[in-house]
Number of protein chains: 2
Amino acid sequence: MKRGPVVTPLPVLLVGTYDEDGTPNLMNVAWGGQCSEKHVALNIGHVRKTRDNIERTHEFTVSFATADTVVPADYVGIVSGLKVKDKVARAGLHAQKAQTVNAPVFDELPLTLECRLDEIVETKTEEIRITGEIVGMSADESILTEDGKVDLAKLRPIMFDSAQNKYRVIGDIVGDAFKDGLKLK
Amino acid sequence: MKRGPVVTPLPVLLVGTYDEDGTPNLMNVAWGGQCSEKHVALNIGHVRKTRDNIERTHEFTVSFATADTVVPADYVGIVSGLKVKDKVARAGLHAQKAQTVNAPVFDELPLTLECRLDEIVETKTEEIRITGEIVGMSADESILTEDGKVDLAKLRPIMFDSAQNKYRVIGDIVGDAFKDGLKLK
């Protein structure tokens, strides 16, 4: 396989930070995810604007690429904030300061985790692992159920299909968690 | 939110190990994923048969729950191998030894990463993080494209929708990675 064996599904995490002058930055991370009930892990390369920003501000956001934001999500994964200062503006995204942390949320990205840096660790594999505590969440009302839960059918998050180099949207419900398995008990 | 804010999509990783007497074991992990080009990370509780097994054998497999295996995948997440010795048999799964590691692959799970333990680290959040190097991969021919790549439309991996406590299958292609974003460049 071209890109080597990988976990599936891979998420498309959009990590928001502020540059030293307050310019919002956003990058695209597939090697990361939930690592405890209230923590996320991001594995990225050493030389990243996002790394510099998180080391300085100790805060970041994690939003989720959606079927409606494939183009800007892919763009912020191709272009580095080290080279293109206004990448967020070029992506057509509009940033606001998050409620609980000093990092941007984006009008076009309807679900965001607001995170405080836990630690940055150099890994054996020439990446760094950034872990953060989720201290807040912001969600657009348009993606919630009537009782206020996130409705993934409305959010339509995408995942990275690395075997085919495609993005795929989340699909239909096929089972009940912590319930279907009880049939075998 | 009932289960707290979470990353989406969450994978449904099925981690295979051998007990001390060679009985195959399997558990269901949502807090994990790819952490470098050839490494996976699993975050699980301290008291797990899987932890004991990996500490002893230093090897494990990671398969992916599919739309066809929702019931056994959910079952192995509900029941602990510490209490139910024959959980794999009860799940209706059939184990074979993996080609490259001393851990089981399962006839019913068509895609498996074969992993060698890198390290087990106690985290601040009362879990352990197990990282492994992917040293092999096995795939059933039925899930491959004609040119030998994994076809996720054939595999139909599922993800855990924690907001609704449902499993959802992977959906349609909605974009080209490393290509759609070039429109903005």
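Structural data are supplied above this passage.
Residues numbered from 1 in each chain as written. Chains lettered and ligands numbered in written order. Predicted model: local features only at pLDDT ≥ 70, side-chain atom pairs only at ≥ 80, totals over all residues. Heavy atoms only, no water.

## Notes on the sheet that holds strand β1 (residues 10-11) of chain A
Read from one edge to the other, the open sheet built from six strands follows the order β1(A)-β11(A)-β12(A)-β12(B)-β11(B)-β1(B), with strand pairing classed as antiparallel. Because the sheet does not close on itself, it has two edges, and the strands there are β1 of chain A together with β1 (10-11) of chain B. By the bridge criterion, seven bridges tie strand β12 (residues 166-176) of chain A to strand β12 (residues 166-176) of chain B in an arrangement that is antiparallel. Bridge pairing in β12(B) places Asp176(A) opposite Lys166(B). In the packing of helix α2 (residues 70-78) of chain A onto the sheet, the strands contacted are β11 (158-161) and β12 of chain A together with β12 of chain B, and the crossing angle to β12(B) comes to about 75°. Sitting on the sheet, helix α2 (residues 70-78) of chain B touches β12 of chain A together with β11 (158-161) and β12 of chain B, and the angle it makes with β12(A) is about 75°. (Pairing = 2+ DSSP bridges. Helix = DSSP H or I, 4+ residues; strand = E, 2+ residues; numbered from the N terminus. Contact = heavy atoms within 4.5 Å. Axes fitted to C-alpha atoms, helices over the stretch in contact; angles between N-to-C directions.)

## What to know about the pattern of salt bridges
All names here are of chain B. With the rule as written, the count across this model stands at 28 salt bridges over all chains. We note a salt bridge from Asp19 to Lys85, for which the minimum N-O separation is 2.7 Å. Of this pair, Asp19 sits in the loop between β2 (13-18) and β3 (24-29) while Lys85 sits in the loop between α2 and α3 (87-90), and the two are 66 residues apart along the sequence. Assessed through its relative accessible area of 4%, Asp19 is described here as buried. Of the residues examined, Lys85 reaches a relative accessible area of 37% and is grouped as partly exposed. (Salt bridge = Lys/Arg side-chain N within 4 Å of Asp/Glu carboxyl O. Buried < 20%, exposed > 50% of the residue type's maximum accessible area, 1.4 Å probe, protein only.)

## A short note on the sheet that holds β3(B)
Residues and elements named next belong to chain B. Across the sheet, which stays open at both edges, the seven strands sit in the order β3-β2-β6-β9-β10-β5-β4 with antiparallel pairing between neighbours. Edge strands, defined here as strands with exactly one partner in the open sheet, are β3 and β4 (32-36). Across the sheet, the mean angle separating the axes of adjacent strands is 35° when strand polarity is ignored. Pairing analysis gives five bridges linking strand β6 (residues 59-64) to strand β9 (residues 111-122), with the strands arranged antiparallel. Within the sheet, the bridge partner assigned to Glu59 lies in β9 and is Arg116. Together, β2, β3, β5 (39-45), β6, β9 and β10 (127-139) form the strand contacts of helix α1 (residues 49-57), whose direction differs from that of β2 by roughly 55°. Its contacts with the sheet place α2 against β2 and β3, and it is angled at close to 90° to β3.

## A closer look at the packing of aromatic side chains
Under the definition given, this model contains four aromatic pairs over all chains. Taking 6.1 Å as the distance between ring centres and 45° as the angle between the ring planes, the aromatic pair formed by Phe160(A) and Tyr167(A) counts as tilted. (Phe/Tyr/Trp six-rings, centres within 6.5 Å; stacked < 30°, edge-to-face > 60°.)

## Overview of the interface of chain A and chain B
Contacts between chain A and chain B engage 76 residues on the former and 75 residues on the latter. When chain A packs against chain B, the two sides together hide about 7,000 Å² of surface, and 65% of this comes from carbon and sulfur. Sorting the residues of chain A by area buried against chain B places Thr8(A), Gln34(A) and Arg168(A) first, and these three jointly supply 10% of that buried surface. Across the contact surface, chain A and chain B share six salt bridges. The partner of Lys124(B) in a salt bridge is Glu119(A), with the nearest N and O atoms 3.8 Å apart. Seen at the junction of chain A and chain B, the total is 28 residue pairs in polar contact (both at pLDDT 80 or more). Top element by residues in the side of chain A that touches chain B is β12(A). It accounts for 11 residues. Residue composition of the side of chain A that touches chain B, grouped by class: 42 nonpolar, 14 polar and 20 charged. (Buried area = accessible area lost by both parts, 1.4 Å probe. Polar contact = N/O pair within 3.5 Å; in protein donor to acceptor, adjacent residues only side chain to side chain. Nonpolar A, V, L, I, M, F, W, Y, C, P; charged D, E, K, R; others polar.)

## Observations regarding the nonpolar core
Residues Phe60(A), Phe60(B) and Val62(B) are the most contacted members of the largest nonpolar core, which totals 101 residues. In this structure Val62(B) touches Leu13(B), Leu14(B), Val40(B), Leu42(B), Leu111(B), Thr112(B), Leu113(B) and Cys115(B), once residues within four positions along its chain are discounted. (Core = buried A, V, L, I, M, F, W, Y, C linked by side-chain atoms within 4.5 Å.)

## Quick look at the state of the cysteines
As enumerated under the stated definition, the model contains zero disulfides over all chains in all. We note that Cys35(B) lacks a disulfide partner, and the nearest cysteine sulfur, in Cys115(B), lies 9.9 Å from it. (Disulfide = S-S within 2.5 Å.)

## Looking at α1(B)
All buried positions along α1(B) are accounted for by Lys49(B), Thr50(B), Arg51(B), Asn53(B), Ile54(B) and Thr57(B). Its buried side turned inward, α1(B) meets β2, β3, β5, β6, β9 and β10 of chain B.

## Side note on the environment of Val174(A)
Among the structural elements, Val174(A) can be located in strand β12. A relative accessible area of 29% means that Val174(A) is categorised as partly exposed. Setting aside its immediate chain neighbours within four residues, Val174(A) contacts Asp180(A), Ala67(B), Val70(B), Ile158(B), Tyr167(B), Arg168(B) and Val169(B).

## Side note on the relation of the copies chain A and chain B
Once chain A has been moved 0.0 Å along the axis and rotated by 180°, it coincides with chain B to within an RMSD of 0.0 Å. With respect to symmetry, the two chain copies, as superposed, fit the operation of a two-fold axis. The C-alpha atom lying nearest the rotation axis in chain A is that of Gly171(A); the distance is 2.0 Å. A high fraction, 99%, of the interface residues of chain A reappear at the interface in chain B, so the copies pair face to face through one surface. (Least-squares fit on C-alpha atoms with pLDDT ≥ 70 in both.)

These figures capture arrangement, not role.
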